[in-house]
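Next come the chains, spelled out residue by residue.
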Amino acid sequence: RDRVGREFVLWRSGVLDRLPGGVGHAVVDGWGEKDGAVLVLRDLGDAVLTWDDRVDTRRCQWMLERLARLHTAFLDQPLEPGAATPPEELVALFAPRLMAPHGVGGNPLVAASMRGWELFPGLVPGDVADAVLGLLEHPRPLVTALRNRPCTLVHGDLATVNMAVEDD
């Protein structure tokens with residue numbers, strides 16, 4: 001249901017300017033279009049990690065420390081509407097009913113997700129499977145519980161290809 005681009009809204013609203021030390025972004029400009037938005041990024045070159053990069057213990061600790069900085073900096077800080085994925089959408093993001101329509105064309109992420117949900121009930125205790133699968137269909141109890149807890153900004157897709165390491 002994102003019509004503009006959450007990354008654009010985060011940048012335009014100044015949220016990215018409030019990132020803590022050691023956590024950065026590459027956005028240098030952006031503008032809205034009738035069907036979305038355009039972000040212009042500086043060239044990060046070889047600083048961008050690849051799917052083949054493996055993170056050793058020291059680098060993993062380094063990254064987790066910076067994620068903790070991000071989480072602390074935005075703890076209970078309100079964001080502009082549209083800048084973050086609403087919890088109702090986030091908790092069911094990979095639900096089979098929502099993933100299946102995107103499987104046209106053999107998308108490997110969709111295939112892996114659907115296969116995972118097929119295997120899930122056989123890999124966990126029955127009461128856990130029932131609870132999790134129930135929340136995928138009706139996430140309101142989980143969303144209500146989450147809304148009653150502290151909230152923060154998190155990296156939405158923490159994969160090596162979505163990170164760059166420069167200098168410090």
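Every value quoted in this text rests on a predicted model; they were computed, and no experiment measured them.

## Considering the overall build of the protein
Of regular secondary structure, the protein possesses seven helices and two strands. Counting from the amino terminus, the protein carries its helices and strands in the arrangement α-β-β-α-α-α-α-α-α. Counting only C-alpha atoms and orienting by the principal axes, one finds that the protein spans roughly 45 × 40 × 40 Å. Residues classed as buried in the protein amount to 22% of the 168 residues present. Taking all contacts inside the protein whose residues are at least 6 apart in sequence as the whole, residues at least 24 apart take part in 64%. When the accessible surface of the protein is totalled, it reaches about 11,600 Å², and 57% of it is carbon and sulfur. Distance from the positive charge centre (17 side chains) to the negative charge centre (24 side chains) of the protein: 4 Å.

## Concerning the nonpolar core
Soluble globular proteins: nonpolar side chains tend toward being buried together. Grouped together as the largest cluster of nonpolar side chains are 10 residues: Val9, Leu10, Val15, Leu16, Leu19, Val27, Leu70, Phe74, Ala83 and Leu153. Here Ala83 is in contact with Arg6, Val9 and Leu10, once residues within four sequence places are set aside.

## Concerning the pattern of salt bridges
Considering all chains together, one arrives at eight salt bridges under this definition. Between Glu89 and Arg6 there is a salt bridge, and its shortest N-O distance comes to 3.5 Å. You can see Glu89 sitting in helix H3 (residues 87–90) and its partner Arg6 sitting in helix H1 (residues 6–12), a full 83 residues away along the chain. A residue is classified by how much of its surface remains accessible, and Arg6, at 15% relative accessible area, is buried.

## A few points about the side chain of Ser113
With respect to the helices and strands, Ser113 occurs in helix H5 (residues 108–123). Once residues within four sequence positions are removed from consideration, Ser113 is found in contact with Phe94 and Met99.

## What to know about H5
With 16 residues, H5 should cover 22 Å at 1.5 Å per step; its first-to-last C-alpha distance of 22 Å lies within 8% of that length. The largest bend in H5 amounts to roughly 25° and is located at Trp117, with the proline Pro121 lying one to four residues further along. Along H5, the residues classified as buried are Val110, Ser113 and Phe120. For H5, the side-chain oxygen to backbone nitrogen distance between the N-cap and Leu109 is 2.8 Å, and the N-cap itself is Asn107.

## Some details on the environment of Leu41
Inspection of the secondary structure assignment puts Leu41 in strand S2 (residues 36–41). Looking at Leu41, the relative accessible area reads 54%, which means it is exposed. On a C-alpha basis, the gap between Leu41 and Asp29 in space is 7.2 Å, while along the polypeptide they are 12 residues apart. What Leu41 contacts, discounting residues up to four positions off in sequence, is Ala26, Val27 and Val28.

## Comments concerning a nonpolar patch on the surface
On the surface, a cluster of nonpolar side chains totalling about 360 Å² of accessible area is made up of Leu90, Leu93, Phe94 and Leu109. Of note, Leu90 is situated in helix H3. Here Leu90 falls in the partly exposed class, since its relative accessible area comes to 45%.

## Some thoughts on unusual backbone geometry
Phi at Asp76 is positive, roughly 55°, even though this residue is not glycine. Relative to the helices and strands, Asp76 is located in the loop between helix H2 (57–73) and H3.

## A closer look at the environment of Glu80
Along the chain, Glu80 falls in the loop between H2 and H3. A relative accessible area of 31% places Glu80 in the partly exposed class. Distance from Glu80 to Val15, taken between C-alpha atoms, is 8.7 Å for residues 65 residues apart in sequence. Not counting residues up to four positions away in its chain, the partners in contact with Glu80 are Val9, Arg12 and Ser13. Side chain to side chain, Glu80 and Arg12 meet in a polar contact 2.7 Å long.

## A few points about H2
Its 17 residues place the ends of H2 24 Å apart at the C-alpha level, agreeing with the 24 Å of an ideal helix rising 1.5 Å per residue. Inspection of H2 places Met63, Arg66, Leu67 and Leu70 among the buried residues, and these make up the whole buried set. Looking straight down H2, one finds that the buried residues subtend no more than 105° of arc, so they occupy a single side. Of the exposed residues in H2, the ones pointing more than 90 degrees away from its buried face are Thr57, Arg58, Gln61 and Thr72.

Conventions we followed
- Residues numbered from 1 in each chain as written.
- Predicted model: local features only at pLDDT ≥ 70, side-chain atom pairs only at ≥ 80, totals over all residues.
- Heavy atoms only, no water.
- Helix = DSSP H or I, 4+ residues; strand = E, 2+ residues; numbered from the N terminus.
- Buried < 20%, exposed > 50% of the residue type's maximum accessible area, 1.4 Å probe, protein only.
- Contact = heavy atoms within 4.5 Å.
- Areas by Shrake-Rupley, 256 points an atom, 1.4 Å probe, with all protein chains shown as cover.
- Lys, Arg positive; Asp, Glu negative; His and termini not counted.
- Charge placed at Lys NZ, Arg CZ, Asp CG, Glu CD.
- Core = buried A, V, L, I, M, F, W, Y, C linked by side-chain atoms within 4.5 Å.
- Salt bridge = Lys/Arg side-chain N within 4 Å of Asp/Glu carboxyl O.
- Expected span 1.5 Å × (residues − 1).
- Bend = angle between axes of the 7 residues up to and from the residue.
- Polar contact = N/O pair within 3.5 Å; in protein donor to acceptor, adjacent residues only side chain to side chain.
- Patch = residues over 30% accessible without salt bridge, like charges linked within 9 Å, V, L, I, M, F, W, Y side chains within 5 Å.
- Arc of directions from axis to C-beta.

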